[in-house]
Amino acid sequence: MWRLRRAAVTCEVCQSLVKHSSGVKGSLPLQKLHLVSRSIYHSHHPTLKLQRPQLRTSFQQFSSLTNLPLRKLKFSPIKYGYQPRRNFWPARLATRLLKLRYLILGSAVGGGYTAKKTFDQWKDMIPDLSEYKWIVPDIVWEIDEYIDFEKIRKALPNSEDLVKLAPDFDKIVESLSLLKDLFTTGHKLVSEVIGASDLLLLLGSSGETAFRATDHGSESDKQFRKVSDKEKIDQLQEELLHTQLKYQRILERLEKENKELRKLVLQKDDKGIHHRKLKKSLIDMYSEVLDVLSDYDASYNTQDHLPRVVVVGDQSAGKTSVLEMIAQARIFPRGSGEMMTRSPVKVTLSEGPHHVALFKDSSREFDLTKEEDLAALRHEIELRMRKNVKEGCTVSPETISLNVKGPGLQRMVLVDLPGVINTVTSGMAPDTKETIFSISKAYMQNPNAIILCIQDGSVDAERSIVTDLVSQMDPHGRRTIFVLTKVDLAEKNVASPSRIQQIIEGKLFPMKALGYFAVVTGKGNSSESIEAIREYEEEFFQNSKLLKTSMLKAHQVTTRNLSLAVSDCFWKMVRESVEQQADSFKATRFNLETEWKNNYPRLRELDRNELFEKAKNEILDEVISLSQVTPKHWEEILQQSLWERVSTHVIENIYLPAAQTMNSGTFNTTVDIKLKQWTDKQLPNKAVEVAWETLQEEFSRFMTEPKGKEHDDIFDKLKEAVKEESIKRHKWNDFAEDSLRVIQHNALEDRSISDKQQWDAAIYFMEEALQARLKDTENAIENMVGPDWKKRWLYWKNRTQEQCVHNETKNELEKMLKCNEEHPAYLASDEITTVRKNLESRGVEVDPSLIKDTWHQVYRRHFLKTALNHCNLCRRGFYYYQRHFVDSELECNDVVLFWRIQRMLAITANTLRQQLTNTEVRRLEKNVKEVLEDFAEDGEKKIKLLTGKRVQLAEDLKKVREIQEKLDAFIEALHQEK
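Described below are features of the structure shown in this document. These numbers were taken from a predicted model, which means no experiment stands behind them.

**A few points about the overall build of the protein**
Here comes step 1: In terms of helices and strands, the protein carries 36 helices and nine strands.
Here comes step 2: For the protein, the proportion of its 978 residues judged to be buried stands at 43%.
Here comes step 3: Looking at the protein as shown, the accessible area adds up to about 55,500 Å², and 52% of this sits on carbon and sulfur atoms.

Dropping the structure here:
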């Protein structure tokens, strides 16, 4: 019985010790005590079996700095049966005091060290929240002015001081061994001492000496401890991963709430958010600087060292998808295996209350939350790309500028370049590969450009082309960020997961980088939303072996971490380089201004656009001056030009054939028939052509004639081009010929000459026409027969053999005309034979055709001289004309013909003048305006037509000033943001 009671008392003592232990939260069952302790306490327990306890890792640890239960143990009264009653209360009191001291000191040291280590780990995991500093009230950031945290920190003890306070556990174990030897007869005291050593073991103390006393089970304890440590490491890694993912979800929830808050803040319009507006527009100011630099002259592009994020990668590597994840919208055209990016696209990401996109040269906003606007945006980008690509090419170096705004977007400027290709496929230009390389190198050779190198993780790294190109541009990897896309496919298909780690670390190819990231850009479905892709990415990395096996760190995955890293790198590069670039442009501006003052001291600095506007005003003024030409001037030049155009036809085809009829009735009939045919077929068209040419000549005269000192020859090429293009576009009214034909037909049918003045005018007009024809005929004869004796003697000129033959033939024909002045216009066959024989008798061999050609000119001169003599006779024939030449041998029908021609010319000139001043001048002015508008939109045209050192110098000076002003404004805003 006393043994049973003693066993019951011992169980109560064990329960009391377990109940008051501070290493485990909650009650610890009997089976959890150490094997040695159980063997001592419960040697007579019926169910006791000496077996190794199972490892339990599900208990919750807590800091030893928490409240410790210090209740006294309550023991039930014990009866010892036949043994005498002993009292070891001094020993029990000593053990209690020793245990309480060790508990306090051990808990303080271990708990303080654990707390500091936990704090440092959480501190490293917290990201840089400087971007969200504006949310916290200013009083929080100024609290260090009121509280001296440095003084408080120095007052607190550090971890080294706490370690010094810890006792010497070796001495403690020696004391316990001494107490054990002194009280060997007391089983209860021994059990309490061994229980205390077990408790020290649970607290993590170095109580190895106590276990040396128990040789039984030492090897199994060591093996048990090794296994438990390995499992604890695995458990801690898994718990750390879950904690990081939990933190990630919390951070994303905070970011989403932050977006809504920023959206509300940005929508407000009061004085309290002036600083936030400045911060929002900072990236827009920087983007404007880059836009101006992209339009700058090519010879100064080497000075453009401002940072940009240049996105390069192999074709279909996922560049566009990464950009869309950063921009949080599907904004780019997509295609399976087809080249979609055909020209560089500069995307400026900035904060704004609404998620919208707009082009640099357009005011239309695309709402990125609506699918129809997204489709319209993608279509517009594709149209602009195809418009930039010239005929016969596949890609273009011209940049498309796009601004994307939205709450929570990281502020930066990215340039999406065409994907690098290995071979040129069918449908591509032969130089496509070289063009893409040159475009990529032009952007990457900027020493401050951040290269975002995109590598497809689902294909072999050896097939990559872009990595070699990036290595050439940035061999040390100081501005390169490597991104591995499609990691989900890579993890599924790659047999060795460590290969992905080698790709991420750049060990499979000679490329160094500033940072390495792994992302997932969806399941390959183009209709997936950005939110769905983000959820899929998070779910993948939660279950990915890459994180569980520590191949990748948590900060190296997801596009969100990538965008944060790129944005930080971008702004760091901007702050380091922007002031240096501003100083460079200041020096360039000073040099250009000095050169202008030395070369053009009295001229204003007008760039190409300003010069074009000035030339445009001058051209329009000159077009308006056409309407100020007097009607008399118009009619004179029109009549003169029209007669010059039709005089040959009138003389050769109408007058001469009719005059050779030798009969007045036949003459008038022939004239009427020929005039009718001429009016119906040729005359109206000739008149319109003359009017149009006259308008061109007057317009050209106004455009090209010097204006004295005000004339600027820098506009000559532009004016000439405007004149030619306007004339090419201008067409005379189609109905003008029909109305003009009727007017001309009526004018030619009128044979009535009203007064002597009109008669004399007709005779004068006829004489001028005949004299001009006679002069032309004499020149033709002179060219035929050669110089006369006077020119031969004075100017030492000789006749050729052919000219001598023509001269002999001419003399023979003139003899024939002297014999018969009324000879008809044609030679008879016998007359040709007679002339030829006469010439052969003098030793001149002639051909009948030569005789006919010579006769034509000789007879023409004879006829014109006869007609001029007839004009002199007709000067006094107006009286006979009024009597219709009755009882008179004088007939002046040829004078009436020239009167009809002269009157037709005057009426036609008047009609054409009215059409010019009322219609055609205004239509020409309209065409000139259209041409000027087209030229104003064509930059290449202006560069081609407005050339010279003066233009180029003014153009460079304006651009440099604009860039410097924008850079200064941006730097000022950047300092204000700091």
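The rest of the description comes next.
**Some remarks on the pattern of salt bridges**
Here comes step 1: Counted according to the given criterion, the structure contains 39 salt bridges.
Here comes step 2: Of the charged contacts in the structure, one is a salt bridge between Arg645 and Glu689, with a shortest N-O distance of 3.3 Å. Highlighted residues: Arg645 in helix 23 (residues 631-659) and Glu689 in helix 25 (residues 683-704), separated in sequence by 44 residues.
Here comes step 3: Residue classification places Arg645 among the partly exposed positions, given a relative accessible area of 30%.
Here comes step 4: In this structure, the salt-bridge partner of Arg701 is Glu698, at a minimum N-O distance of 2.5 Å. Highlighted residues: Arg701 and Glu698, both in helix 25, separated by three residues, approximately one helical turn.
Here comes step 5: You can call Arg701 partly exposed: its relative accessible area is 33%.
Here comes step 6: For Glu698, a relative accessible area of 8% gives the class buried.

**A closer look at the nonpolar core**
Here comes step 1: Grouped together as the largest cluster of nonpolar side chains are 101 residues, with contacts concentrated most on Tyr655, Trp678, Trp759, Ile901 and Val928.
Here comes step 2: Looking at this core element by element, the count peaks at 17 residues for helix 34 (residues 893-937).
Here comes step 3: Ignoring sequence-local partners within four residues, the contact set of Tyr655 consists of Val650, Phe667, Met766, Leu770, Phe863, Ala867, Asp894, Leu897 and Phe898.
Here comes step 4: In this structure, Phe332, Leu368, Trp596 and Ile963 belong to the second largest nonpolar core, which totals 66 residues.

**Some points on the side chain of Ser401**
Here comes step 1: By the secondary structure assignment, Ser401 is in strand 5 (residues 400-405).
Here comes step 2: Not counting the four nearest positions on each side in its chain, Ser401 is found in contact with Asp291, Lys346, Phe359 and Lys360.

**A closer look at the sheet that holds strand 1 (residues 309-313)**
Sheet strands line up and pair through hydrogen bonds in the backbone, either parallel or antiparallel.
Here comes step 1: With mixed pairing, nine strands are arranged side by side in an open sheet as 4-3-5-2-6-1-7-8-9. Of all the strands in the sheet, just strand 4 (366-367) and strand 9 (515-518) have a single pairing partner and so form its edges.
Here comes step 2: In the sheet, strand 7 (residues 450-456) pairs with strand 8 (residues 480-485) via six bridges, with the strands oriented parallel. Looking across to strand 8, one finds that Leu452 is bridged to Ile481.
Here comes step 3: Helix 13 (residues 319-327) rests against strand 1, strand 2 (345-350), strand 5, strand 6 (412-416), strand 7 and strand 8 of the sheet, and its axis sits at about 160° to strand 6.

**Details of the pairing of strand 1**
Here comes step 1: A large share of strand 1 lies buried, amounting to five of its five residues.
Here comes step 2: Of the two faces of strand 1, the one lined by Val309, Val311 and Gly313 and the one lined by Val310 and Val312 are each fully buried.
Here comes step 3: With three bridges joining them, strand 1 and strand 6 adopt parallel strand pairing. Bridging across to strand 6, Val309 finds its partner in Leu414.
Here comes step 4: Inspection of the sheet shows strand 1 paired to strand 7 by five bridges, in the parallel sense. The residue of strand 7 that forms the bridge with Val311 is Leu452.

Cut-offs applied
- Residues numbered from 1 in each chain as written.
- Predicted model: local features only at pLDDT ≥ 70, side-chain atom pairs only at ≥ 80, totals over all residues.
- Heavy atoms only, no water.
- Helix = DSSP H or I, 4+ residues; strand = E, 2+ residues; numbered from the N terminus.
- Buried < 20%, exposed > 50% of the residue type's maximum accessible area, 1.4 Å probe, protein only.
- Areas by Shrake-Rupley, 256 points an atom, 1.4 Å probe, with all protein chains shown as cover.
- Salt bridge = Lys/Arg side-chain N within 4 Å of Asp/Glu carboxyl O.
- Core = buried A, V, L, I, M, F, W, Y, C linked by side-chain atoms within 4.5 Å.
- Contact = heavy atoms within 4.5 Å.
- Pairing = 2+ DSSP bridges.
- Axes fitted to C-alpha atoms, helices over the stretch in contact; angles between N-to-C directions.

The analysis is restricted to geometry; functional conclusions fall outside its scope.
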